[in-house]
Amino acid sequence: MAKINDNYLKLPGSYLFSTVAKKSSEFAAANPDKEIIKMSIGDVTIPLAPAVIEAMHKAVDEMGTPEGFHGYGPEQGYDFLRSKIVEKDYRARGIDLEPDEIFVSDGAKSDCGNIGDIFSVDNTVAVCDPVYPVYVDTNAMAGRAGDFIDDKWSKLIYMPCLEENGFLPELPKEKADIIYLCFPNNPIGVAMTKEQLRPWIEYAKENGSVILYDSAYEAFITDPEVPHSIYEIDGAKEVAIEFRSFSKTAGFTGTRCAYTVVPHELKLGGTELNALWNRRQCTKFNGVPYIIQKAAEAVYSDEGHKQTREAIEYYLENARIIRESLTEAGFTAYGGVNAPYIWAKTPNGMKSWDFFDKLLEEANVVTTPGSGFGPSGEGYVRFTAFSTRENTLKAMEKIKNLNL
Ligand code: PLP
């Protein structure tokens with residue numbers, strides 16, 4: 001008889017954002033007269049940049065001609081995009097990478113989830129708490145997380161990110177083989193400076209660990225002390241894989257394009273992880289559509305860059321409005337300077353889900369409960385800055401008028 005992967009049976013309830021969506025749609029159905037403002041899932045609202053659309057149209061037309069038609073592309077991505085990424089995202093910042101160290105994909109979510117394929121199930125994994133749930137759930141699915149007992153996975157190392165440590169993780173006391181770091185951070189919206197990141201590289205070198213560095217929000221960095229890539233730190237190429245995405249950088253959440261950097265220098269027991277990831281992708285992935293990669297390439301053109309930067313500035317301004325309005329309304333709010341997320345403390349020690357319900361029912365604003373991101377997220381809710389300006393202002397007005 002066929003057997004299922006019973007690690008799936010250990011997973012608690014449904015995915016966080018499905019629960020949030022279910023609660024808000026039930027509230028909407030019961031209250032059809034109420035306007036509900038979503039500041040929960042981190043999805044963008046500004047349409048794709050004109051330069052991106054133009055490149056896409058052109059690529060669509062090419063696909064209709066015998067000379068311009070593209071069938072299966074390279075699993076790792078077309079060279080025109082890999083070279084552009086190397087030139088604009090890395091060499092321009094003094095980081096020397098080659099195009100064959102870049103793997104173009106359909107999303108940082110898939111890459112963060114799939115990367116586990118190239119690591120033994122015996123590795124000990126460390127995650128921040130709270131954390132982007134994909135790192136935890138995919139390790140649980142692979143059997144690397146143990147059992148889910150009292151809101152925690154028995155085999156994971158949790159690195160609490162709390163108010164008292166500036167919401168930054170501390171180096172694990174135990175030996176962690178794989179460490180997930182996400183900066184600028186989702187969900188807290190804080191970032192690490194180069195100086196704060198350096199000890200992690202040293203730790204990884206000393207312990208033979210690999211850092212999985214999720215830099216999906218790199219485009220939101222405003223502080224010059226915050227590195228845009230982990231490879232800005234000396235030695236990081238020997239210990240880190242970096243994930244980047246066009247989702248938040250250029251509004252590609254529905255268009256789907258991202259990339260993962262696996263430097264040749266990163267080796268375990270003499271084996272290059274680049275070769276393993278290449279093997280994995282060639283076997284299980286058939287590449288991102290030509291039309292989409294052309295659209296992504298256009299993000300790096302002068303016009304594309306200017307237009308996508310405008311969108312990021314708009315979201316950063318929303319973040320400022322949220323942070324300042326919440327503070328004015330008497331809340332304690334963090335993040336939102338180098339990231340599109342604001343992490344707000346619940347009033348009077350309320351539980352995250354209770355405050356989520358109060359915001360939904362009394363202000364008609366949907367947030368994401370901090371506890372959904374891990375036990376140390378209890379007592380917080382996350383706001384995203386990806387709404388429209390109009391909705392952001394409306395939501396803040398309603399929250400200011402809340403009876404606490
Ligand atoms: N990594 C982090 C930290 C995220 O917050 C998200 C999306 O919200 C992703 C990755 C997913 O990116 P993509 O749209 O490229 O799959």
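Every residue gets a number counted from 1 within its own chain, in the order that chain's sequence is written. At least 70 in pLDDT is required for a residue's local features to be given in this predicted model, at least 80 for side-chain atom pairs to be given and counted, and no such filter applies to totals for whole chains, interfaces and linings, which use all residues. Neither water nor hydrogens contribute to the side-chain values; these are computed over all heavy atoms in the structure.

Q: When you look at the overall build of the chain in this model, what are you seeing that I'm missing?
A: Counting from the N terminus, the helices are the DSSP runs of H or I reaching at least four residues and the strands are the DSSP runs of E reaching at least two. Of regular secondary structure, the chain possesses 12 helices and 17 strands. The C-alpha atoms of the chain give a radius of gyration of 21 Å, which matches the 22 Å a tight globule of 404 residues would have. In terms of overall dimensions, the chain has a C-alpha envelope of 60 × 55 × 50 Å along the principal axes. Categorising residues by exposure relies on relative accessible area from a 1.4 Å probe, with only protein chains included: less than 20% of the type maximum marks a residue as buried, more than 50% marks it as exposed, and the intermediate range marks it as partly exposed. Burial status across the chain gives 54% buried among its 404 residues. In what follows, residue pairs with any heavy atoms lying within 4.5 Å of each other are defined as contacts. In the chain, the share of contacts with a sequence separation of at least 24, taken over all contacts with a separation of at least 6, comes to 73%. Note on areas: Shrake-Rupley with a 1.4 Å probe; residue coverage comes only from the protein chains shown. Carbon and sulfur atoms provide 51% of the accessible area of the chain, an area that totals close to 17,400 Å². We take the radius of gyration over the C-alpha atoms and set the globule estimate at 2.2 Å times the residue count to the 0.38 power.

Q: Would you explain the sheet that holds strand β13 (residues 333-335) in this entry?
A: Hydrogen bonds along the backbone pair up the strands of a sheet, which may run parallel or antiparallel. With antiparallel pairing, 4 strands are arranged side by side in an open sheet as β13-β14-β17-β16. Looking along the sheet, the strands with just one partner apiece sit at the ends: β13 and β16 (368-369). Strands qualify as paired when DSSP identifies two bridges or more between them.

Q: It is not clear to me how a negative patch on the surface should be interpreted in this structure. Could you clarify?
A: A cluster of acidic residues, D150, D151, D354 and E378, forms a negative patch on the protein surface. As for its placement among the helices and strands, D354 is situated in helix α11 (residues 352-363). For patch detection, residues must exceed 30% relative accessible area and be free of salt bridges, and they are connected within 9 Å for like charges or within 5 Å for nonpolar side chains (Val, Leu, Ile, Met, Phe, Trp, Tyr). By convention in these notes, a salt bridge is any Lys or Arg side-chain nitrogen within 4 Å of a carboxyl oxygen on Asp or Glu. Asp and Glu count as negative and Lys and Arg as positive, but His and the ends of the chain are not part of the count. For charged residues, the charge sits on one atom: NZ in Lys, CZ in Arg, CG in Asp, CD in Glu.

Q: Is there a simple way to think about the sheet that holds strand β3 (residues 125-129) in this case?
A: Pairing is mixed across the open sheet formed by 7 strands, whose spatial order is β2-β10-β9-β8-β7-β3-β6. Looking at which strands have only one partner, the edges of the open sheet turn out to be β2 (102-105) and β6 (157-160). Geometrically, the sheet is characterised by an average inter-axis angle of 20 degrees between neighbouring strands, direction not taken into account. With 4 bridges connecting them, β2 and strand β10 (residues 258-261) associate as antiparallel partners. All axes are obtained by fitting lines to C-alpha atoms, using only the stretch in contact for helices, and the reported angles, taken between N-to-C directions, cover 0 to 180 degrees.

Q: What's the story with the site of the ligand in this structure? I'm lost.
A: Neighbouring the ligand are 14 residues, the closest being N186, D214, Y217, S245 and S247. Pairs of N or O atoms are called polar contacts if they sit within 3.5 Å, as long as, within protein, a hydrogen donor faces a hydrogen acceptor (for residues adjacent in sequence, only side-chain-to-side-chain pairs). Contact distances for the ligand include 2.7 Å between an oxygen atom and a backbone N or O atom of A108. The separation between an oxygen atom of the ligand and a polar side-chain atom of K248 is 2.9 Å. For the ligand, whose accessible area on its own is 400 Å², the fraction buried by protein is 90%. When contributions to the shell around the ligand are tallied by element, the ones reaching two or more residues are α4 (108-114) and α7 (246-250). Here the shell around the ligand is built from residues that sort into 6 nonpolar, 4 polar and 4 charged. Throughout this document, a residue counts as near a molecule or strand when at least one of its heavy atoms sits within 4 Å of that molecule or strand. When residue character is reported, Ala, Val, Leu, Ile, Met, Phe, Trp, Tyr, Cys and Pro are called nonpolar, Asp, Glu, Lys and Arg charged, and the others, Gly included, polar.

Q: Would you mind showing me how to read the domain arrangement of the chain here?
A: Interface size is commonly expressed as the accessible area that is lost once the parts come together. Throughout, the edges of the domains are those of an automatic or database domain assignment. For the chain, the domain assignment lists domain 1 (14-43 + 303-400) and domain 2 (53-300). Measuring from the centre of the C-alpha atoms in domain 1 to the corresponding centre in domain 2 gives 25 Å. Counting residues at the interface gives 31 residues for domain 1 and 35 residues for domain 2. Counting across the domain 1 and domain 2 interface gives 1 salt bridge. For K345, the salt bridge is made with E163, and the minimal N-O distance between the two is 2.6 Å. Looking at the side of domain 1 that touches domain 2, the element that brings in the most residues is helix α10 (residues 302-328), giving 7 residues. Partitioning the side of domain 1 that touches domain 2 into residue classes produces 15 nonpolar, 12 polar and 4 charged.

Q: Where do I start with the side chain of K358 in this structure?
A: Relative to the helices and strands, K358 resides in helix α11. Those residues in contact with K358 that lie beyond four places of it in its chain are M350, A363, N403 and L404.

Q: Even after reading the chapter, I still don't get the pairing of strand β8 (residues 210-214), so can you show me in this structure?
A: Burial of β8 is extensive: 5 of the 5 residues sit out of reach of the surface. The alternating pattern of β8 places V210, L212 and D214 and I211 and Y213 on opposite faces, both of which are buried. Pairing between strand β7 (residues 178-182) and β8: 5 bridges, direction parallel. Residue pairing for β8: I179 is matched across the bridge by I211.

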